[in-house]
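Structure assessment
Here are the chains, one letter per residue:
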Amino acid sequence: QVQLVESGGGLVQAGGSLRISCVGSGLAVSSYAMAWFRQAPGMEREFVARAYRDYDSTDYADSVNGRFTISRDNAKNTVYLQMDRLKPEDAATYFCAAQNSPFGSRLSTEYHVWGQGTQVTVSS
């Protein structure tokens, strides 16, 4: 079965850090552009970060640029999102996604494989 499984979410204080993980099963994350999206209650799913497939490059939403880092460990078939200097507005369910393209996309509709999400709560 092809799937992505996120983990590592939890409760953190504003200004704190958290690293969440996305483990691929039935697919190799090295063969896909990978991305993180997030969705807060009552809000639409929004782009957070992406890592290209064919190029060693990354892209971030303006709201998280400089604070979040996406990375990939092909040996562990895992994608990570390191979140630093967290803000209350970062609280959301975070989803991992895969796209069979060199660059991926900022559009959630372009991704064909999704995880179930991991919840991040930020207290003030």
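Attention in this report is confined to the structure presented alongside it. (Residues numbered from 1 in each chain as written. Predicted model: local features only at pLDDT ≥ 70, side-chain atom pairs only at ≥ 80, totals over all residues. Heavy atoms only, no water.)

1. Overview of the packing of aromatic side chains
Applied cut-off: Stacked, tilted and edge-to-face are the three classes assigned to paired rings of Phe, Tyr and Trp, where Trp is represented by its six-membered ring and a pair needs centres within 6.5 Å; plane angles under 30 degrees give stacked, over 60 edge-to-face, the rest tilted. We count a stretch as a helix when DSSP gives it H or I for four or more residues in a row; a strand needs E for two or more, and each element gets its number in order from the N terminus. Accessibility here uses a 1.4 Å probe with only protein chains present; expressed as a share of the type maximum, an area under 20% marks a residue as buried, one over 50% as exposed, and anything in between as partly exposed. Placement of a positive charge over a ring is assigned whenever Lys NZ or Arg CZ falls within 6 Å of the ring centre and within 35 degrees of the normal to the ring plane.
Scanning all chains against the criterion turns up six aromatic pairs. Plain terms: the ring middles of Tyr 52 and Phe 103 are 5.3 Å apart, the flat faces sit at 85° to each other, and that makes the pair edge-to-face. Separated by 51 residues along the polypeptide, Tyr 52 in the loop between strand 5 (46-51) and strand 6 (58-60) and Phe 103 in the loop between strand 9 (92-99) and strand 10 (113-114) bring together distant segments of the chain. The class of Tyr 52 is buried, set by a relative accessible area of 18%. Arranged with centres 5.3 Å apart and planes meeting at 0°, the rings of Tyr 55 and Phe 103 form a pair that is stacked. With Tyr 55 in the loop between strand 5 and strand 6 and Phe 103 in the loop between strand 9 and strand 10, the pair connects residues that are 48 residues apart, well separated along the chain. Assessed through its relative accessible area of 39%, Phe 103 is described here as partly exposed. Three or more aromatic residues link up through ring pairs in this structure, and these residues are Phe 37, Phe 47, Tyr 111 and Trp 114. Its end group placed over the ring of Phe 95, Arg 45 keeps NZ or CZ at 3.8 Å from the ring centre.

2. As for the side chain of Thr 118
Applied cut-off: N or O atoms within 3.5 Å of each other form a polar contact, as long as, within protein, one can give a hydrogen and the other can take it, and as long as residues adjacent in sequence are counted only when both atoms are side-chain atoms. Contact between two residues is taken to exist if any of their heavy atoms lie within 4.5 Å; hydrogens are not considered.
Note that Thr 118 resides in strand 11 (residues 118-123). At 3.0 Å, the side chain of Thr 118 and the backbone nitrogen of Gly 9 are in polar contact. Every residue in contact with Thr 118, bar those within four places of it in the chain, is listed here: Glu 6, Ser 7, Gly 8, Gly 9, Ile 20, Ala 92, Thr 93 and Tyr 94.

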